[in-house]
Amino acid sequence: MRNMIEANTAVKVRTWPGRVPAHVGIIMDGNGRWALSRGLPRIEGHRRGVEALRVTVRAAIEFGLRYLTVYSFSAENWSRPIEEVSDLMGLLKRFIRHDLGELQKAGVKVRVIGTRENLNPEILALLEEAEALTAANTGLTLIVAFNYGSRQEIAAAARMIAAKAASGVLAPAEIDEDFFAEHLDTAGIPDPDLIIRTSGEQRLSNFLMWQAAYSEFVFVPIHWPDFDRQALADALTEFSARERRFGGVTLSHQSAKVGG
Ligand code: FPP
């Protein structure tokens, strides 16, 4: 991987000591500001955002990521003006119709996380088609967080577990972290090693809150439509230089008093 990336002079990677994260989550922020700063309608920012997503998925495959989760529509995004919501739904439909063939050819497995209740039947059918068609693929898993919110996901898991306990099939003592995680939408997917957020904002916005307990964060000052292969390479480079301790201490720090 390192050689492949360093051999390509178009991508400047300062250090890449072979530590490629298995799972990267991306909060694709700043489409609206990108458009407004150019005097364009917000939808144009979202359109360019889809293009940035295509480029990023191709780069994620090339760089050897195993999982890529993208925050495409949050449970809170329904509060946007109806025209913008409708534009975003249109883009999602077009993305699946237009790109599913390429994703399938590249061996990408599509998975969708988020609440499916009350979704438009056409969107639901498309999401299910994308998952079914690619279910057996073994390449990159592309996780589309759509109508997704971490608090809703955690509350839903708690409801499922409470129902099992109430019906007597589960003893409360059996509920541990792994058991809880198996009831989240991300069951079976390793936690994200790295979360990238574009547009300079530095918050999680209800994205993968349980799963991000030990994620590294990289905040990128550019807006999402400007994100590209080089920007992903730079974020991976920054990740590779981080020391992850998962609350413990590393050998080099064992004689010093350090925190988590
Ligand atoms: C944030 O920009 C982005 C979103 C709310 C949606 C992300 C959507 C895309 C990249 C395109 C659609 C995705 C798919 C899978 C088809 P913002 O509107 O919050 O920007 P702002 O903060 O500058 O207003």
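The structure displayed is predicted, hence computed values, not measured ones.

Student: What is the right way to look at the site of the ligand in this model?
Tutor: Of all residues adjacent to the ligand, which total 19 residues, the nearest are Met28, Gly32, Arg33, Arg42 and Arg80. One of the side-chain N or O atoms of Arg42 is found 2.9 Å from an oxygen atom in the ligand. Measuring from an oxygen atom of the ligand, one finds a side-chain N or O atom of Arg80 at 2.8 Å. For the ligand, whose free accessible area comes to 610 Å², the fraction covered by protein is 92%. Using a 2 Å cut-off from the grid points, one finds that the ligand occupies the largest pocket. Ranked by the residues each element gives to the shell around the ligand, the list is headed by helix H3 (residues 42-62), at five residues. Looking at the shell around the ligand residue by residue, the classes come out as seven nonpolar, seven polar and five charged.

Student: Looking at this structure, I do not really get empty space enclosed by the protein. What am I missing?
Tutor: Using the criterion set out here, one finds one cavity of 30 Å³ or more in the structure. Roughly 80 Å³ of internal volume is contained in the largest cavity. In terms of lining, the largest cavity is formed by Leu92, Phe95, Ile96, Leu100, Leu103, Val110, Val112, Leu127, Ala130, Leu142 and Val144. Those elements giving two or more residues to the lining of the largest cavity turn out to be helix H4 (82-105), strand E3 (109-113), helix H5 (121-134) and strand E4 (141-148). For the lining of the largest cavity, the element with the most residues is H4, which contributes five residues.

Student: Help me out: how do you make sense of the pattern of salt bridges in this one?
Tutor: Pairs can form between side chains of opposite charge whenever their charged atoms are close. Using the criterion set out here, one finds 17 salt bridges in the structure. Among the ionic pairs, Arg47 bridges to Glu44, the shortest N-O distance being 2.6 Å. Of the two residues, Arg47 and Glu44 are both situated in helix H3; the distance of three residues between them amounts to about one turn of the helix. A relative accessible area of 23% means that Glu44 is categorised as partly exposed. The closest approach of N and O atoms between Glu51 and Arg54, which form a salt bridge, is 3.0 Å. Highlighted residues: Glu51 and Arg54, both in helix H3, separated by three residues, approximately one helical turn. Overall, the relative accessible area of 16% leaves Arg54 in the buried class.

What counts, and at which threshold
- Residues numbered from 1 in each chain as written.
- Predicted model: local features only at pLDDT ≥ 70, side-chain atom pairs only at ≥ 80, totals over all residues.
- Heavy atoms only, no water.
- Near = heavy atom within 4 Å.
- Polar contact = N/O pair within 3.5 Å; in protein donor to acceptor, adjacent residues only side chain to side chain.
- Areas by Shrake-Rupley, 256 points an atom, 1.4 Å probe, with all protein chains shown as cover.
- 1 Å grid on protein atoms, 1.4 Å probe; cavity = no way out; pocket = protein on both sides within 12 Å on 5 of 7 lines; lining within 4 Å.
- Sits in = over half its atoms within 2 Å of the grid points.
- Helix = DSSP H or I, 4+ residues; strand = E, 2+ residues; numbered from the N terminus.
- Nonpolar A, V, L, I, M, F, W, Y, C, P; charged D, E, K, R; others polar.
- Points joined across faces, edges and corners; volume = space filled by probe spheres on them.
- Salt bridge = Lys/Arg side-chain N within 4 Å of Asp/Glu carboxyl O.
- Buried < 20%, exposed > 50% of the residue type's maximum accessible area, 1.4 Å probe, protein only.

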